[in-house]
Amino acid sequence: MQISSRFTMAIHMFACIDTFQDMKMTSDFMAGSIGTNPVIIRKLLQQLKAAGLVEVSRGTGGVTITRPLNEITFLDIYNAVECNPDEALFRFHENPNQKCPVGRNIHHVLDDKLSAVQKAMEKELAGITLADVKNDISIRIAEEQ
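The shown structure was predicted, so the numbers you read here are calculated from the model rather than taken from an experiment.

Rules used throughout
- Residues numbered from 1 in each chain as written.
- Predicted model: local features only at pLDDT ≥ 70, side-chain atom pairs only at ≥ 80, totals over all residues.
- Heavy atoms only, no water.
- Core = buried A, V, L, I, M, F, W, Y, C linked by side-chain atoms within 4.5 Å.
- Buried < 20%, exposed > 50% of the residue type's maximum accessible area, 1.4 Å probe, protein only.
- Helix = DSSP H or I, 4+ residues; strand = E, 2+ residues; numbered from the N terminus.
- Contact = heavy atoms within 4.5 Å.
- Salt bridge = Lys/Arg side-chain N within 4 Å of Asp/Glu carboxyl O.

A.B. asks: Quick question: what am I supposed to make of the nonpolar core here?
C.D. replies: When a protein is soluble and globular, its nonpolar side chains tend to lie buried together. Among the nonpolar cores identified, the biggest contains 33 residues, and Phe7, Met13, Phe14, Met30, Leu48, Ile77 and Val81 are the most heavily contacted of them. Secondary structure elements with two or more residues in this core: helix 1 (5-19), helix 2 (27-34), helix 3 (38-50), helix 4 (74-81), helix 5 (101-126) and helix 6 (130-144). Here the element with the most residues in this core is helix 1; it accounts for nine residues. Not counting residues up to four positions away in its chain, the partners in contact with Met13 are Met30, Ile34, Ile41, Leu44, Leu45 and Leu48.

In structure tokens form, the structure reads like this:
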């Protein structure tokens, strides 16, 4: 199982937006900090905007965060960029052989277990906010000076 880099890139974007509040935040700037293409950043911004986490100014650019950082959790970000609300963390292979005793029963055996794992992950993600990231970034930057 692997969560795509969209999740960590989105968190990086929020850290840039917050850290560099005094300047107009653009997809080009964030792409330079993250080390990726601005097109990828713009797609992530669209997803974050659709989730109500950021506002994006058209034309000359500029991104603002819509809520206080302590009100935006990792779960909010994960849900915005990684999955559809109806999508489970684990994808099940679609056609287990019903003639095989394992294939016939694998869903029944794994469904509850995988659901419990997903709920545990979501609980952990819900307990971490962007304020935690801001605090940790501030400490690391101060240590470098």
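A.B. asks: So what exactly am I meant to see when it comes to the pattern of salt bridges here?
C.D. replies: Here the idea is simple: oppositely charged side chains can pair when their charged atoms come close. Within the structure shown, the criterion is met by three salt bridges. Residue Asp76 is joined to Arg67 by a salt bridge in which the shortest nitrogen-to-oxygen separation is 3.1 Å. Accessibility expressed as a relative area gives 25% for Asp76, which makes it partly exposed.

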